[in-house]
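One letter stands for each residue in the lines below.
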Amino acid sequence: MPNATLRKEQRDEVLRVLKARFENNMNRHKGLKWAKVQAKMEANAEKLWSLSEMERTGGEPDVVGHDKKTGEYIFYDCSAESPKGRRSPCYDREALDARKEHKPKNNAMDVAAASGIELLTEEQYRELQKLGHFDTKTSSWVKTPSHIRKLGGALFCDRRYDTVFVYHNGAESYYAARAFRGSLRV
């Protein structure tokens, strides 16, 4: 990660935005207290930087769970549509390198890694969809099982007709309405 720290005013602004989102969406994290979430974030500058990257690229991260075993809070991108600042990537570096012409600017796996986050899995994507209606006009790459990726494919998901769909594309494909959703444990 390049500059994994924030200046005080950046940190304060990210915390303000995350707190407001947390308080406005209590259905996503019933029973959790903001003060405990904030303390975890303030104790880990690198994770707070990752959350600021999720926010900067349009992901609108929010707490969606708490791992009682590890004590970590789980954040997902909760923007209504796929994050605008991450749209049009192919799936991974291998797919980007394989494209001969009309290459996209980037790939989902490298962008996620540079931000310190993980792509949602299909299971996590389905969990997110239980909290609201996401990607009704866009789609999001999800972590693809290695046996599918080895054959050249990659998976993406969206919500249409009040149903969550999982699809496949060649990993080198990219579309203006497709990005990826990330997760982060703090």
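Okay, so let's go over this structure. (Residues numbered from 1 in each chain as written. Predicted model: local features only at pLDDT ≥ 70, side-chain atom pairs only at ≥ 80, totals over all residues. Heavy atoms only, no water.)

**Here's the deal with the sheet that holds strand 1 (residues 61-66)**
Counted only if it meets this: Two strands pair if DSSP finds at least two bridges between them. Secondary structure is summarised from DSSP: a helix means a run of H or I of at least four residues, a strand means a run of E of at least two, and numbering begins at the N terminus for each. The criterion used for residue contact is that any of the two residues' heavy atoms lie within 4.5 Å. Inter-axis angles, ranging from 0 to 180 degrees, are taken between N-to-C directions of lines fitted to C-alpha atoms, where helices are fitted over the stretch in contact.
The 4 strands are arranged 1-2-8-3 in an open sheet whose pairing can be described as antiparallel. Every interior strand has two partners, whereas the edge strands, strand 1 and strand 3 (118-119), have only one. Pairing between strand 3 and strand 8 (residues 182-185): 2 bridges, direction antiparallel. From the neighbouring strand, leucine 119 faces strand 8, where its bridge partner is glycine 182. Helix 2 (residues 34-42) contacts strand 1 and strand 2 (73-77) of the sheet and is inclined by roughly 85° relative to strand 2. Sheet strands touched by helix 6 (residues 122-129): strand 2, strand 3 and strand 8. Its angle to strand 2, the strand with the most contacts, is close to 85°.

**With respect to helix 3 (residues 45-56)**
Applied cut-off: Between the first and last residue of a helix there are one fewer steps than residues, each counted as 1.5 Å, and that sum is the expected span.
A rise of 1.5 Å per residue sets the reference length of helix 3, with its 12 residues, at 16 Å; its end C-alpha atoms lie 16 Å apart and thus fit the reference within 8%. Among the structural elements, helix 1 (8-24), helix 2, strand 1, strand 2, helix 5 (108-115) and strand 8 are those in contact with the buried residues of helix 3. Directly after helix 3, the chain includes glycine 58, whose backbone phi takes a positive value near 90°.

**Observations regarding the sheet that holds strand 5 (residues 153-160)**
Strands sit in the order 6-5-4-7 across an open sheet of 4 strands; the sheet is mixed. Edge positions in the sheet fall to strand 6 (163-170) and strand 7 (178-180), since each of these pairs with one other strand and no more. On average, each strand axis in the sheet is inclined to that of its neighbour by 35°, with strand direction left out of account. Across 3 bridges, the pairing between strand 4 (residues 139-142) and strand 7 is parallel. Looking across to strand 7, one finds that tryptophan 141 is bridged to phenylalanine 180.

**As for the side chain of serine 183**
For clarity, the threshold we go by: Burial status follows relative accessibility: with a 1.4 Å probe on protein chains alone, a residue under 20% of its type maximum counts as buried, one over 50% as exposed, and anything between as partly exposed.
Of note, serine 183 is situated in strand 8. Serine 183 gets classed as buried once you look at its relative accessible area, which sits at 10%. Once residues lying within four places of it in the same chain are set aside, the contact partners of serine 183 are Phe75, Tyr76, Ile117, Glu118, Leu120 and Gln124.

**A closer look at the packing of helix 1 against helix 3**
What counts is decided by this rule: With respect to orientation, any angle under 35 degrees is reported as roughly parallel, any angle over 145 as roughly antiparallel, any angle of 65 to 115 as roughly perpendicular, and every other angle as oblique. Crossings are classed by handedness, with left-handed meaning an anticlockwise turn of the near helix from the far one by less than a right angle and right-handed meaning a clockwise turn. Three classes are used: nonpolar for Ala, Val, Leu, Ile, Met, Phe, Trp, Tyr, Cys and Pro, charged for Asp, Glu, Lys and Arg, and polar for all others, with Gly counted as polar.
Where helix 1 meets helix 3, the closest approach of the two axes is 10 Å, and the angle between their N-to-C directions is 70°. The angle between helix 1 and helix 3 places the two elements in the roughly perpendicular class. Between helix 1 and helix 3 lies a crossing of left-handed hand. Here Arg11, Val14, Leu15, Val17, Leu18 and Arg21 of helix 1 come into contact with helix 3, specifically with Leu48, Leu51, Ser52 and Glu55. Taken together, the residues that form the contact of helix 1 with helix 3 break down as 6 nonpolar, 1 polar and 3 charged.

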